[in-house]
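Coordinate analysis (summary)
What follows is each chain in one-letter form.
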Amino acid sequence: MTLMLVLTFLGGIVALVVGAEALVRGASRLALGLGLSPLVIGLTVVAYGTSAPEMATSVGAALSGAPDIALGNVVGSNIANVLLVLGLSALLAPLVVSRQLVWLDVPVMLGVSVAVLVMALDGGISRLDGLLLLVGGVAYTVLQLRLGRREAAAAAEAGALPGGRPVPWRDGLLILAGLVLLVLGARWLVGGAVQVAQLLGMSELVVGLTIVAVGTSLPEVATSLLATFRGQRDIAVGNIVGSNIFNLLIVLGPAAALSPEGIAVSGAAIRFDLPVMTAVALACLPIFFTGHRIARWEGGLFLGYYVAYVAYLLLDAAGHDALPAFSMAMMAFVVPLTVITLLVVAARAWRAGHR
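Residues numbered from 1 in each chain as written. Predicted model: local features only at pLDDT ≥ 70, side-chain atom pairs only at ≥ 80, totals over all residues. Heavy atoms only, no water.

We now examine the overall build of the protein. For the protein, the count of helices and strands is 12 helices and four strands. Residues counted as buried form 52% of the 355 residues belonging to the protein. Counted over contacts in the protein with a minimum sequence separation of 6, partners at least 24 positions apart contribute 86%. As presented, the protein carries roughly 15,400 Å² of accessible surface, and 72% of it is formed by carbon and sulfur atoms. (Helix = DSSP H or I, 4+ residues; strand = E, 2+ residues; numbered from the N terminus. Buried < 20%, exposed > 50% of the residue type's maximum accessible area, 1.4 Å probe, protein only. Contact = heavy atoms within 4.5 Å. Areas by Shrake-Rupley, 256 points an atom, 1.4 Å probe, with all protein chains shown as cover.)

So, about the nonpolar core. Membership of the largest hydrophobic core comes to 79 residues, with the highest contact counts inside it found for Leu 86, Val 241, Leu 252 and Phe 288. Residue contributions to this core peak at 13 residues, all from helix α3 (residues 67–92). Those residues in contact with Phe 288 that lie beyond four places of it in its chain are Leu 86, Val 97, Val 102, Val 106, Val 237, Val 241, Arg 293 and Ile 294. (Core = buried A, V, L, I, M, F, W, Y, C linked by side-chain atoms within 4.5 Å.)

This part takes up the packing of aromatic side chains. Under the defined criterion, the tally for this structure stands at three aromatic pairs. Consider the rings of Tyr 140 and Phe 246, whose centres lie 5.9 Å apart with planes at 70 degrees: the pair is edge-to-face. Taken together, the residues Tyr 140 in helix α5 (residues 127–150) and Phe 246 in helix α9 (residues 233–258) connect sequence positions 106 residues apart. Of the two residues examined, Tyr 140 and Phe 246, each falls in the buried class. Taking the centre distance of 6.0 Å and the plane angle of 15 degrees together, the rings of Phe 272 and Tyr 309 count as stacked. Of this pair, Phe 272 sits in helix α10 (residues 267–289) while Tyr 309 sits in helix α11 (residues 296–318), and the two are 37 residues apart along the sequence. Aromatic rings pair up to connect Phe 272, Tyr 306 and Tyr 309 into one cluster. (Phe/Tyr/Trp six-rings, centres within 6.5 Å; stacked < 30°, edge-to-face > 60°.)

On to helix α4 (residues 99–120). Counted at 1.5 Å a residue, the expected span for α4 with its 22 residues is 32 Å, and the 31 Å between its end C-alpha atoms agrees. The axis of α4 is deflected most strongly, by about 30 degrees, at Asp 105, and proline Pro 107 appears within four residues downstream. (Expected span 1.5 Å × (residues − 1). Bend = angle between axes of the 7 residues up to and from the residue.)

Right, let's talk about the side chain of Asn 244 for a bit. Relative to the elements of secondary structure, Asn 244 occurs in helix α9. Other than its neighbours up to four places away in sequence, Asn 244 contacts Ser 77, Asn 78, Asn 81, Val 82 and Met 109.

Among the secondary structure elements, Gly 192 is positioned in helix α7 (residues 168–200). For Gly 192 and Gly 11, which are 181 residues apart along the polypeptide, the C-alpha to C-alpha distance reads 9.7 Å. Residue contacts for Gly 192: discarding those within four places in its chain leaves Leu 5 and Phe 9.

We now examine the side chain of Thr 278. Locating Thr 278 in the fold gives a position in helix α10. Apart from the residues within four sequence positions on either side, Thr 278 is in contact with Leu 110, Ser 113, Val 114 and Leu 117.

Rendered as structure tokens:
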């Protein structure tokens, strides 16, 4: 029984990763034929593709009566995308951030994060809230495509994305195969995650925030690291920011809209996880403003915070005696030190920009 559970869970993750890779590869080739820039491809096509596991998992969890996993998957994935994926990518190579990301996309990510937090304050994200999020996602996608079509000069650089010229029938088969694998993988992963939570005595929210969130964020990890390694850093950063926006609008929105009673939000998520997700989005602003690049030390800072976040969740789930001391250390030393560091860096960048 336990072996079968492990195999089902691992099979779900593998199917999600392979399916997302097929979907991203096929969709990216077709997008290149439309003359879109690497940044727009990262913010839309690649972000949609790598967010597909989250969509399949969260919608499946909501329809299966596991709202904590549906919400925890989205929130945990957004936290993991910035702290884990962006942190690892910046450690591999400093990331150059475009002006569009700084002035448009990161503020949109922050604004949507705040909106979801406000929606959840009454204890749930209703079906109407879900529809509003979905409409916002469609509007954001249309805006990105229009911006992308205006960048005729930048579109020529889109050929840097691997995959060559589009072949419609081949790319269509890749997209179809990717969608099938995503649906199967989501079903296996959700079923396995619920059983893991029961066996380990962990809440579904913690499982969604950790195991499921990291599992469904693996496509973002693979895509962003590969793009960074190959020098396609607009795609690497655009994938992360776009995925976070789509997770909240295109993933959480339909999950809430399709669920008969919306998605219930636990008090723990309102007090801790949603504020952490919003704070992580806010932390991107000063870092992205510092010379329009993300340095290696900033990537290391993000990665360290992700380790601390997961450690807190596990200590809290286990009711460990070290939790109060750990929380005190984070609040008394690490957080203030990070805030001071970011303020100093932002001040230096502001002075440099006005010289």
